[in-house]
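# Summary of structural features
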Amino acid sequence: MARLTSEFWVQAYLARLRLLEIPAFVTSKGDLTAGAVLIKMNTLDGKAVAYQRSFDLMTGARAWITLAEGSEDDVDAALRRQSEFDPDLWVIEVEDKQGRHLLDEPGLAD
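Please read all numbers here as calculations on a predicted model, not as lab measurements.

## Quick look at the packing of aromatic side chains
The tally for this structure, following the rule as stated, stands at 2 aromatic pairs. Geometrically, the ring pair formed by Trp-9 and Tyr-13 is stacked, given 5.0 Å between the ring centres and 20° between the ring planes. Of the two residues, Trp-9 and Tyr-13 are both situated in helix α1 (residues 6–19); the distance of 4 residues between them amounts to about one turn of the helix. Ring geometry for Trp-9 against Trp-64: centres 5.7 Å apart, planes inclined by 35°, an arrangement best described as tilted. With Trp-9 in helix α1 and Trp-64 in strand β4 (residues 62–71), the pair connects residues that are 55 residues apart, well separated along the chain. Comparing Trp-9 with Trp-64, the two get one shared label, buried.

## With respect to the pattern of salt bridges
Side chains that carry opposite charge are capable of pairing whenever their charged atoms lie near each other. Applying the stated criterion across every chain, the model contains 5 salt bridges. Each member of the salt-bridge network shares a partner with another, and the members are Lys-40, Glu-72, Asp-76 and Glu-93.

## Focus: the nonpolar core
Core analysis: the biggest nonpolar cluster contains 18 residues, and Trp-9, Tyr-13, Ile-39, Ile-92 and Val-94 have the highest contact counts within it. Sorting elements by how many residues they give to this core places α1 first, with 5 residues. Excluding its chain neighbours within four sequence positions, the residues that come into contact with Tyr-13 are Ile-39, Ile-92, Val-94, His-101, Leu-103 and Leu-108. If you look at the next biggest cluster of nonpolar residues, it comprises 9 residues, including Val-75, Leu-79, Leu-89 and Val-91.

What counts and how
Residues numbered from 1 in each chain as written. Predicted model: local features only at pLDDT ≥ 70, side-chain atom pairs only at ≥ 80, totals over all residues. Heavy atoms only, no water. Phe/Tyr/Trp six-rings, centres within 6.5 Å; stacked < 30°, edge-to-face > 60°. Helix = DSSP H or I, 4+ residues; strand = E, 2+ residues; numbered from the N terminus. Buried < 20%, exposed > 50% of the residue type's maximum accessible area, 1.4 Å probe, protein only. Salt bridge = Lys/Arg side-chain N within 4 Å of Asp/Glu carboxyl O. Core = buried A, V, L, I, M, F, W, Y, C linked by side-chain atoms within 4.5 Å. Contact = heavy atoms within 4.5 Å.

By themselves, these figures tell us nothing about what the structure is for.
See below:
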């Protein structure tokens, strides 16, 4: 199966969020073809969660896992540290009081 470019995936993800009127922003633009994507879920109450895509080498399964969770400042610090290691990294910030990020929906969950 062909892999989508990072830029294409990001644009499709932002479009899905827009359809549900969930605000989201690219806060760090990475490599257009192969940059990893991190999602910061900001619940607008001072708390946040950062998600990263994980790949299980044994099963081939893909899943979104929590990279960092806690105060927004702590999550931002974790994202900055990741960016220092990977300059090709994309960071998408989703802002929703209900915590909707859609990462568990078909097409995004796997």
